[in-house]
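These are the residues of each chain, in order.
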Amino acid sequence: MAEMRYIDAIRLAMYEEMRRDERVLVLGEDVGLKGGVFGCTDGFYAEFGEARVLDTPLAESSIVGAAIGMAANGLIPIAEIQFSDFIHPAYNQIVSEAARIRYRSNGTFGCPITIRAPYGGGVEVHGGLYHSQSIEATFAHIPGLKVVTPYTAYDAKGLLKAAIRDPDPVLFLEHKRLYRLVRGDVPDDDYVVPIGPAVVRRPGSTLSLFAYGMMLHEALRAAEEVVTEGIDAEVVDLRTLRPLDVQTILASVRKTSKAMIVYEDNRFLGYGAEVAALIAEEAFDALDGPILRVAGLDVPAVPYADSLAAAFMPTSTKIADAVRRLAAY
Amino acid sequence: MAVRDTRVQPARHDALGLGPSDLLDMYYYLALARAIDERMWVLQRAGLVPFVISGQGHEGAQVAVMWAIDRGRDWLVPYYRSLAACLVKGMTPRDLMLGLFAREGDPSSGGRQMPAHWAHAGHRIFTTSSPVATQYLHAVGIAYAARVRGTGEIAVTSIGEGSTSQGDWHEAMNLAGIHRLPVVFMVENNRFAISVPTRLQMATDGVAVRAPGYGFPGVSVDGSDVLEVYGAAREAVRRARTGEGPTLIECRVERLTAHSSEDRQEKYRQTSDIEAARSKDPLVVFKHYLEQIGLLDEARYTEIHGRIKDAVTDATDYAESRPAPDPATVTRHVFFEG
Amino acid sequence: MPVEIKLPQLGESIHEGTIARWLKKPGDSIEKYEPLAEITTDKVNVEMPSPLGGVLVELLASEGETRPVGAPIALIDVAVPEGPAGSSEAPAADQPATTEPAAGRPVAAADAGAAPPAAVRGVRLSPLVRRLAEEHRIPHHVLETLRGSGAGGRITKEDILHYVADRDRVGAHTEPTPLVAPRSGDDVVKLSPVRRAIAQRMAQSKREIPHAYGVIETDMRAVVTWREAHKEAWRAREGVPLTYTAFFVAAACEALRAYPIVNSSWSEDGVIMRRAVNIGIGIAADEGLVVPVIHDADRLSLAGVARALDDLTGRARAGRLVLADIQGGTFTITNPGVFGSIWSMPIVVPGQAAILATDAIVKRAVVRDDAIAIRPMMHLGLSFDHRIFDGATAVQFLNHLKGWFEGFRDGR
């Protein structure tokens, strides 16, 4: 057991899997000698060689398209998209190909690929319009694709290992701010966190906050901020966005009677809309208040200037304000 | 007469290492593919199936390229005109007809895809989609895996000339060239992307000239000449197998039908052009060659076509008799089911 | 800055009001004290003046909607202070332009839309509260009287659970829920806000106040004779008609002075003896019974009472009573006699001790000095809260009135 940063847990997961199974390889832009622009594959090139630590041409469709072929022929590729903002040239390969291969071949072919994509913005990220985007709503919409976004270092390692071993394509979203912000105990042993189950990070009774990734961090802070006001918020880490853990969500709402979803992506048709619809459909008679969403603004992406980025982002302060209103409702 | 011709002109097939049984088998697949294709149009016009997309005119090139690979071990990443290639690779007439009728047991997709989206895991025919050119990158990935795993396999993929305008086509050429991957890139250039002629698709005279830009050779061959295509394919396979890298083979073929059953090619194609295309029908050309070398006499012709007719009738009757896919299976195979 | 306008406390023991009509629409300018809405509460339509000047931004309750006291019903953007003369400066940054349409709420990351939806019917109940109410068999009229602890007085899950706990502790307090359902061919007349208010108040009174009754008969000859002789001149002199009701009010004031216990209110802490004598008068208006109040009626002359009555009656029937007109009653007189009733037992107005019914004045044969005489006779009925006083007091009070009427002399 060692305390480590989120990014180290990501690196460790890949390292252990590549050591464990020689079919596993990484490919992407700058993953080789440089070790990735964030350092997620630092040292891999020397350890595993060029064939398994493949610097690709600067072409995202190539990264995913080739990974699909590699997976068809017995490899287990981890494709790194340098910034989730650049994933869209690979959209067709992900959506029309990877996500449908099993279905369109009636189960005779699979597509065991993991696509890692650093996402997210905020004042600390300084990413501007094209190094800050959240993409989960776009891809969680796609049947046949699993979408995972861990918050803790423990989950980062365990879920990435589960993704690599998963027989289906997994989009693995890592919030850039979490890389060096979140630390936690990560066991040395070979464990996986299963794809699917959500987890209650903070039990509470007043209302339920559903979040994931960076916004879970903000939601937990907001929950602590309102404790002295007699508001006992339950905070649920969704972790896996697809498939979604319906039971944990409904159980929480049935306990607290009030629900709020927090996400950094644009509010309109964002992930929270699906969670809200689920609650409205399945737990309507448990509701003692409106289902609220606290989300990013409906502007194209996170602007660069600090003042604008701050205005865009949901923060613990903004979440706490909404929590107070929902609690008082 | 055929015997005399053989004496006068040394047989081209001898130089390519093809024996009489190869030639007759190749002819069988060519004619079988044509017969199945024609039956598909009949079924569509009779209202028994809703849609057909055709490979007529392309069969010779496909059979020739597939004859050059190890059909058991190597990979085919096809496209929607690859009917003959899939037959050579191991799919049966029944397999193809099950796909056309979208019946239970369709090995390509279980009735989920439109016809002509062939796939067969057992025969290493990878599943394809309708967005064009994506398959080229898959073939590159398959070839990369073969290289890393040291299996000695190669991948063959094909595409129409219109689809070479897609970014994925260029990306695949680039990536394969960089790593000298064991892949054979086939382009079946029939001069029309549905209706758009090559002059509006590319500024170059054909696509073969592009290959050197990616660091490997491209050849342009007469797709109606089975032996010429085979010769190019044999060399391409050798290069792939020995680590020299990819080859682009542009097969100049004729599209003998409209793009699909939804298309009326008279709107954009001269009648004279359609008629002229008939003279480059690979089935006619190859039959003539076999007759010339004395391999195909009337008795053998009757025997082969009798087998083909039986196979097509059997496949049609079989597929038509199969039930539609169970509606309960609509939610199956979204994810791995263990 | 938009400021929430709340439903005012429209009178003691009034918990809610119904928006009968909005007099302004979003985007309208409104001056301070300019009428904003007609609010229906207990028995009257009240014109609610705006507590602020500015621009009406949004209506948070729709017409016909009943909201608890204190609930926000509108948003008013307070007027931007005028700049220096001739200045055309834009409003300051913290005072957003007020021309934004009501629906265009400002978009902010944390603007989670926590403002309650504008359009809800009746009492706002969440799905959970509705389910709990059903499960615990809490009838609708009880729900309506529950005090909500949520935003804007909303009944929360906790409110319901507390109510149920209290009710179960008290014991078998089962609310009768008559199952009245329309049968084939029946029509259902929708309850007007006024009808509903009357129903609630009357039911509340009958539930909470143990009613007792006393009735006596009085000879009205002196009053009738005097009125007939003077009413023309009175009208000419005072400008208002001299109604019998004026006599009743005057008589009641004197009787209440003699029996102040009748001018009181029950509370668990003790009987509240009302210093002021504010007489409510039941008046049949188009929408239903209304009860405007003559404040400090005991300080008025007969003429003063008559003028006050004329004013209130006119405005009540025109639907133009103001809030003050219906507040503060300490005793009520109802006059079913005008419709011919000869014996009435009215319901005490909640918060008061008694109500007097004056019935029709009818000529009857009575015995006077051992002889049969024809006299204009009238029944006086007193309904009273038996918790506050007993039958003896009630009859003494009625006898005092009787003495006043029978001993009426010119000049009083």
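Rules and cut-offs
Residues numbered from 1 in each chain as written. Chains lettered and ligands numbered in written order. Predicted model: local features only at pLDDT ≥ 70, side-chain atom pairs only at ≥ 80, totals over all residues. Contact = placed C-beta atoms within 7 Å. Helix = DSSP H or I, 4+ residues; strand = E, 2+ residues; numbered from the N terminus. Pairing = 2+ DSSP bridges. Axes fitted to C-alpha atoms, helices over the stretch in contact; angles between N-to-C directions. Expected span 1.5 Å × (residues − 1). Buried ≥ 20, exposed ≤ 12 C-beta atoms within 10 Å, placed from the backbone. Nonpolar A, V, L, I, M, F, W, Y, C, P; charged D, E, K, R; others polar. pLDDT = per-residue confidence, 0-100. Right-handed = clockwise from strand over helix to strand, strands pointing away. Left-handed = near helix turned anticlockwise from the far one by under 90°. Parallel < 35°, antiparallel > 145°, perpendicular 65-115°, else oblique.

A. How the structure looks around the interface of chain B and chain A. Counting residues at the interface gives 34 residues for chain B and 34 residues for chain A. If you list the elements that add at least two residues to the side of chain B that touches chain A, you get helix 7 (134-149) and helix 8 (167-179) of chain B. It is helix 7 of chain B that provides the largest number of residues to the side of chain B that touches chain A, a total of 12 residues.

B. Layout of the sheet that holds strand 9 (residues 199-202) of chain A. All names here are of chain A. Strand order in this open sheet of five strands is 9-11-10-13-14, and the pairing throughout is mixed. Two strands bound the open sheet, and with one partner strand each, they are strand 9 and strand 14 (292-296). Here the strands of the sheet are splayed against their neighbours by 25° on average, with no regard to which way each runs. Sheet topology note: the strand 10 (residues 207-211)/strand 11 (residues 233-237) ladder contains five bridges and is parallel.

C. Structural detail: helix 13 (residues 316-328) of chain A. Residue and element names in this part refer to chain A. Along its 13 residues, helix 13 runs 18 Å from first to last C-alpha, staying within 8% of the 18 Å computed at 1.5 Å per residue. Of all the 13 residues making up helix 13, 10 are buried; the element is thus mostly covered by neighbouring parts of the structure. Of the positions making up helix 13, those classed as buried are Ser316, Lys318, Ile319, Ala320, Asp321, Ala322, Val323, Arg325, Leu326 and Ala327. The inward-facing, buried residues of helix 13 contact strand 10, helix 9 (214-225), strand 11, strand 13 (259-266) and strand 14.

D. Layout of the sheet that holds strand 1 (residues 75-77) of chain B. Residue and element names in this part refer to chain B. In space, the five strands of this open sheet follow the order 1-2-3-7-6, with parallel pairing throughout. Sheet topology places strand 1 and strand 6 (218-222) at the edges, where each strand pairs with a single neighbour. Each strand axis lies, on average, 20° off the axis of its neighbour in the sheet, ignoring direction. In this structure, strand 1 lies alongside strand 2 (residues 155-160), joined through three bridges in parallel fashion. The residue bridging Trp75 from the neighbouring strand is Ala155, located in strand 2. In the packing of helix 7 onto the sheet, the strands contacted are strand 1, strand 2 and strand 3 (183-189), and the crossing angle to strand 2 comes to about 170°. In this fold helix 9 (residues 226-241) packs onto strand 3, strand 6 and strand 7 (247-252), with an angle of close to 170° to the strand it touches most, strand 7.

E. How the structure looks around the interface of chain A and chain C. Chain A puts 26 residues into the contact, and the matching count from chain C is 16 residues. Elements represented by at least two residues in the side of chain A that touches chain C include exactly strand 14 and helix 13 of chain A. Here the side of chain A that touches chain C takes seven residues from helix 13 of chain A, the largest share from any one element. Considering only residue class, the side of chain A that touches chain C consists of 16 nonpolar, three polar and seven charged.

F. Seen up close, the confidence of the model for chain C. All names here are of chain C. The predicted model of chain C averages 82 in pLDDT, with 84% of residues at 70 or higher. pLDDT under 50 marks residues 81-121. Its contacts with residues more than four places away, or in other chains, come to 48 contacts. Predicted complex, confidence summary: ipTM 0.96, pTM 0.68.

G. How the structure looks around the environment of A:Lys258. Residue and element names in this part refer to chain A. The topology assignment puts Lys258 in the loop between helix 10 (246-256) and strand 13. Overall, the presence of 27 C-beta atoms within 10 Å leaves Lys258 in the buried class. Those residues in contact with Lys258 that sit more than four places away from it in its chain are Leu207, Ser208, Asp288, Gly289 and Leu326.

H. Focus on the pairing of strand 14 of chain A. Residues and elements named next belong to chain A. Most of strand 14 is tucked away: five of the five residues are buried. Two elements, strand 13 and strand 14, share five bridges in a ladder whose sense is parallel. Note that in strand 14 the partner of Ile261 across the bridge is Arg293. This β-α-β element, strand 13 to helix 11 (residues 271-282) to strand 14, shows right-handed connectivity.

I. Broad picture of the packing of helix 4 (residues 59-68) of chain B against helix 9 of chain B. All names here are of chain B. Between helix 4 and helix 9, whose axes approach to 8 Å, the crossing angle comes to 35°. Where helix 4 crosses over helix 9, the handedness of that crossing is right-handed. Together, Gly60, Ala61, Val63, Ala64, Val65, Trp67 and Ala68 of helix 4 and Val226, Val229, Tyr230, Ala233, Arg234 and Val237 of helix 9 make up the contact between the two elements. For the contact of helix 4 with helix 9, a count of residues per class yields 11 nonpolar, one polar and one charged.

J. Broad picture of the packing of helix 3 (residues 60-72) of chain A against helix 7 of chain B. Two elements in contact, helix 3 of chain A and helix 7 of chain B, have axes whose closest approach is 6 Å; the angle formed by their N-to-C orientations is 55°. By the angle class used here, helix 3 of chain A and helix 7 of chain B are oblique. Considering only the axes of helix 3 of chain A and helix 7 of chain B, their crossing is right-handed. Where helix 3 of chain A approaches helix 7 of chain B, its residues A:Ser61, A:Ser62, A:Gly65, A:Ala66, A:Ala67, A:Ile68, A:Gly69, A:Met70 and A:Ala72 are matched on the opposing element by B:Thr134, B:Leu137, B:His138, B:Ala139, B:Val140, B:Gly141, B:Ile142, B:Tyr144 and B:Ala145. A per-class count over the contact of helix 3 of chain A with helix 7 of chain B returns 11 nonpolar, seven polar and no charged.

K. Molecular detail of unusual backbone geometry. That bond from A:Arg242 to A:Pro243 is cis: its omega, 0°, falls within 30 degrees of zero. A positive phi is found at B:Arg124, a non-glycine position, where the angle reads about 55°. If you check the backbone angles, B:His333 has positive phi at about 65° while not being a glycine. For B:His333, a count of 22 C-beta atoms within 10 Å gives the class buried.

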